[in-house]
Amino acid sequence: MGSCIICGTDVGGGRVCDSHQEDVVFDFRGDSPDDLVPSRFYRGVVDGYAEFGVFVDLAPGVTGLLHRSELDRRLDSLDWEPGDEVFVQVKGVRDNGNVDLGWSIRQADREFRGVLVQESDGEHLPDEEPGDDGEGAAETTGDASAEAEESVDAGDDEDADESVDETVEADAGSVEVEPEADAGSDDAAEPESETESAESGDAAPTAAEETPESEAVEAAGDDADADPERVPITTLGDAVGDAVRIEGEVVGVRQTGGPTVFEVSDETGAVDVAAFVEPGVRAHPDVEVGDAVRVDGEVESHRGDVQVESEALVLLDGAAAESVRRRIAEALTDEARPEGLQPLAGDETVAELADGLLDAAEAVRRAVLESRPIVVRHPATADGYVAGAAVERAVLPLIRDEHAKSDAEYHYFTRRPLDEPVYGMDAATNDATRMLQDRDRHDEKLPLFLLVGAGSTTESADGIDLLSVYGVDAVVVDAAVADPETRDAVDTLVSPELADVDGDETLSTGALVASLASAINDEVRADLRHLPAVSYWADAPDRYVDLARDAGHDAERVAELREAVALEAYYQSYQDKRELIADLLFSDGGNLAAHVSEQFREKLETEIETADANVVTEAVDGVEFALLDTDDYTHRYDFPPTPLLLDDLHRRRADGEPFATVGVGTDELYVRTTADVSVRDVAARAAELAPTADIDTAGVREGKIEFLSGERDAVEDAVVAAVAEAF
């Protein structure tokens, strides 16, 4: 008969009871997937990657799939390499023998309470021979359990475990506790030996729990002379193996299958603190995000990341908590505001927007220092991607400097492209759902939203309003268009149109945001010099062309980058393609961009040839019109997207005379003109001419108008007439 290696319960022929199945990791030595037990955790070896997940070998001839939907992170952020030893959970075995695997937050032996070997005909401890029936297991269960407990990632001895088991309001060791009188004696006897003294001391933590909080904090202060010196979090990388004390604010809490992990931030950085009670049980349940804490523990390197194994976690209050928060606030004030703005290429228009850009840069830098996630939204266009990539290039190094975890940049920075340059309800609902899930499931702070090239007009009002319901901070930067109403709905709005600045009216959002990025992090300024030129499809200002050339990018190279980004922006438009875009814009030696650019040109020329052959021209009141039926003569669901196709077609046909291009679809159309024509005025006038068509502006930046499909012919005539009047 066998007994459970965790609790000693009689389990017949097994070695772990049902209630502790998930506390143990198994080495599988069977030869058939049918021998695997669902819900158990197994040790495996990474076999390789596929687009949909990771294959993990559990034994020779037994391989399972960890689907990307099971991961707690993005597949491309997983740092596993083929041959790495990993831990996974078996979700189930299909009739065809395929093994479905689940993610395990525990990725080390010590994070489980025990290890067993599973053979085809049974299971045994690693040091037992196969077939051992567990005779005498009762005598060894205690030892095995002790070994399992010692292996858990929560300290190396019982004293450390006891200190972690409690949520401490102050240093329990500094509280003097009178021994309780023996029930059978009038007076408490003095301890008669060192052993008795130790046993009396064992009661101190329990007494400390009963001590009022104010007394505990006071007691901690009385013993301050004996306390270890507090160290800055940024120095922990050089202190692996040392016992340290840190103080800071809890900025995140997540419960793993092993310890509870608190992310603690001070005025210099942030680090994970692991506290253990028992596997999967929340340690220090009264410590929440925003609390000030003191942590004593040992610095360890865990899978390449620095973390602190907590021996004592003290919830600070009163003056001690205020001191921590004051230090952090002072550091934020000093570090968050950039010293000044130096526009790329000395752009005077950008210089006139310095106050707004510095406010935006401060908001981003402050979010990094507060361990607040940053979500960047931008259109899925070349200009939009340049703007988003510029911010990403500036922010990621700051996040790496602030956080000890190697994958922090994936947790604290997200770039989400938009299909259109409008922040509508669909995008806002997606963002609100994600941020609330992250708040409730992972105790993350609500993010800062940075909208570049989107969100600046009233068409985005509903989306912006949804975010404002939850009190999140939003910053909008747009060089093209903006409405005054937006200024009241967001924290910061940067727009040359609203600022009424003099200078270049053709400023692109990519150029404007590249200067913003240099203010966020001046150390990446050299990486950004070519980006403004890349953001222009035509008529790039000479100063930006010269700046790109100085950075080693001639006109041909700039065109290749622009076209390559535009093509990649179209495919999988909802994905940020972080690494691919970074390779194109910052790391490519020439081959990648040239290759993708060639595809861009081939696809565009094919579509332009078809469209050009089917354009209908007409003249109205001295204005030449090129009309294209985009339903019949474009591939609506293939590259290029309709706005980009019409842009190129318009540039090729416009010859300096009054000219307009109109692409008409089922229930939407796009307008391009050589004059400064307001698409809103056109839509309003067309609505008067076709009152039953429900005509409305859908996008100012891209000249998009929507209408009822049954009134298409009337709408086309009304829009042409309205555009001619507007010239």
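Note that the structure is a prediction, hence the values are computed from the model and not measured. (Residues numbered from 1 in each chain as written. Predicted model: local features only at pLDDT ≥ 70, side-chain atom pairs only at ≥ 80, totals over all residues. Heavy atoms only, no water.)

### A look at the environment of R487
Short version of the rule: The numbering of helices and of strands both runs from the N terminus, where a helix is a DSSP run of H or I of at least 4 residues and a strand a run of E of at least 2. Accessible area is worked out with a 1.4 Å probe on protein chains only. A residue is then buried under 20% of its type maximum, exposed over 50%, and partly exposed in between. Here, residues are in contact when the closest pair of their heavy atoms is within 4.5 Å.
Along the polypeptide, R487 turns up in helix α13 (residues 484–489). Of the residues examined, R487 reaches a relative accessible area of 43% and is grouped as partly exposed. When the C-alpha positions of R487 and V476 are compared, they lie 8.9 Å apart, and in sequence the two are 11 residues distant. Other than its neighbours up to four places away in sequence, R487 contacts L493 and L498.

### Notes on the pairing of strand β7 (residues 85–93)
Inclusion rule: Strand pairing is defined by DSSP finding a minimum of two bridges between the two strands.
In terms of strand pairing, strand β4 (residues 41–50) meets β7 through 5 bridges, oriented antiparallel. Pairing of Y42 across the sheet is with V88, part of β7. In terms of strand pairing, β7 meets strand β8 (residues 99–103) through 5 bridges, oriented antiparallel. Bridging from a neighbouring strand, V90 pairs with L101 of β8. Hairpin connection between β7 and β8: a loop of 5 residues separates the two successive antiparallel strands, and G97 in this loop has a positive phi of roughly 90°.

### Points about the pattern of salt bridges
This is how it is decided: Basic side-chain nitrogens of Lys or Arg form a salt bridge, by our definition, when they fall within 4 Å of a carboxyl oxygen of Asp or Glu.
Inspection of every chain in the model, using the stated rule, returns 43 salt bridges. R282 serves as the salt-bridge partner of E288, at 3.6 Å between the closest nitrogen and oxygen. E392 is paired through a salt bridge with R415; the nearest N and O atoms lie 3.0 Å apart. Of this pair, E392 sits in helix α9 (residues 382–402) while R415 is found in strand β17 (residues 413–418), placing the two residues 23 residues apart along the sequence. A residue is classified by how much of its surface remains accessible, and R415, at 2% relative accessible area, is buried.

### Considerations on unusual backbone geometry
Residue P640 is reached from F639 by a cis peptide bond, and omega for that bond is 0°. With respect to the helices and strands, P640 occurs in the loop between β22 (623–629) and α22 (642–653). Positive phi values are uncommon outside glycine, yet A345 reaches one of about 60°. For A345, the position within the fold is in the loop between α6 (318–336) and α7 (348–351). Located in the positive-phi region is Q572, a residue other than glycine, with phi close to 50°. For Q572, the position within the fold is in the loop between α19 (555–570) and α20 (578–587).

### Focus: the confidence of the model for the chain
To be explicit about the condition: Within a predicted model, pLDDT stands for the predictor's per-residue confidence, ranging from 0 to 100.
Of the residues in the chain, 85% reach a pLDDT of 70 or more, and the chain-wide mean stands at 84. This stretch, residues 133–225, has a pLDDT under 50; its non-local contacts, to residues over four places away or in other chains, come to 101 contacts.

### Things to note about the sheet that holds strand β11 (residues 243–255)
So the rule is basically this: For helices, the fitted axis covers only the stretch in contact; all axes are lines through C-alpha atoms, and the angles between them, taken along N-to-C directions, range from 0 to 180 degrees.
Reading around the circumference, β11-β12-β13-β15-β14 is the order of the 5 strands in this closed barrel, with mixed pairing throughout. Averaged over neighbouring strand pairs, the angle between their axes works out to 55° when direction is ignored. Taken together, the 3 bridges between strand β13 (residues 270–275) and strand β15 (residues 305–315) define a ladder with parallel strand orientation. Pairing of A274 across the sheet is with E309, part of β15. Together, β11, β12 (260–265) and β14 (292–302) form the strand contacts of α6, whose direction differs from that of β11 by roughly 80°.

### Comments concerning the environment of V501
Looking at the secondary structure, you find V501 in the loop between α14 (496–499) and α15 (509–520). The contact partners of V501, leaving out residues within four places of it in the chain, are T349, E352, L353 and P496.

### What about the sheet that holds strand β25 (residues 696–699)?
Sheet strands associate in pairs through backbone hydrogen bonding, adopting either a parallel or an antiparallel arrangement. With mixed pairing, 6 strands are arranged side by side in an open sheet as β21-β22-β23-β24-β26-β25. Both outer strands of the open sheet, β21 (616–620) and β25, are each paired with one neighbouring strand and no more. In this sheet, adjacent strand axes meet at a mean angle of 30° when their direction is disregarded. Alignment of strand β23 (residues 659–664) against strand β24 (residues 668–673), held across 5 bridges, turns out to be antiparallel. Across the sheet, the residue bridging to V662 is V671, located in β24.

### Focus on the packing of helix α11 (residues 425–442) against helix α12 (residues 461–469)
Quick note on the threshold: Geometric relationships in this document are graded by angle, where less than 35 degrees denotes roughly parallel, more than 145 denotes roughly antiparallel, 65 to 115 denotes roughly perpendicular, and other angles denote oblique. Left-handed describes a crossing whose near helix is turned anticlockwise from the far helix by less than a right angle; the clockwise case is right-handed. For this classification, Asp, Glu, Lys and Arg are treated as charged, while Ala, Val, Leu, Ile, Met, Phe, Trp, Tyr, Cys and Pro are nonpolar and the rest, including Gly, are polar.
For the pair α11 and α12, the least separation of the axes is 8 Å and the interaxial angle reads 20°. Considering the angle they form, α11 stands roughly parallel to α12. Considering only the axes of α11 and α12, their crossing is right-handed. Along the contact surface, α11 presents M425, A428, T429 and A432, while α12 presents D462, G463 and L466. Residue composition of the contact of α11 with α12, by class: 4 nonpolar, 2 polar and 1 charged.

### Regarding α12
What counts here: By arc we mean the arc of the directions from the helix axis to the C-beta atoms, nothing more.
Every buried residue of α12 is listed here: G463, I464 and L467. Relative to the axis of α12, the buried residues are bounded by an arc of 95° and lie together on one face. Those residues of α12 that are exposed and angled more than 90 degrees off the buried face are D462 and V469.

### A look at the packing of aromatic side chains
The test is simple: The aromatic pairing rule takes the rings of Phe, Tyr and Trp, using the six-membered ring of Trp, and pairs them if the centres are within 6.5 Å, calling planes under 30 degrees apart stacked, those over 60 edge-to-face and the rest tilted. The criterion for a charge sitting over a ring is simple: Lys NZ or Arg CZ within 6 Å of the ring centre, and within 35 degrees of the ring normal.
A complete count under the given rule lists 12 aromatic pairs for this structure. Judged by centre distance (5.6 Å) and plane angle (70°), the ring pair of Y570 and F639 falls under edge-to-face. On the criterion of sequence distance, the pair formed by Y570 in helix α19 and F639 in the loop between β22 and α22 is long-range, its members being 69 residues apart. Here F639 falls in the buried class, since its relative accessible area comes to 2%. One aromatic cluster is present, formed by W537, Y570, Y571, F600 and F639 through successive ring pairs. Of note, R393 hangs over the ring of F586, and the distance from its end group to the ring centre comes to 4.2 Å. The ring of W537 has R562 lying over it, and the distance from NZ or CZ to the ring centre is 5.7 Å.

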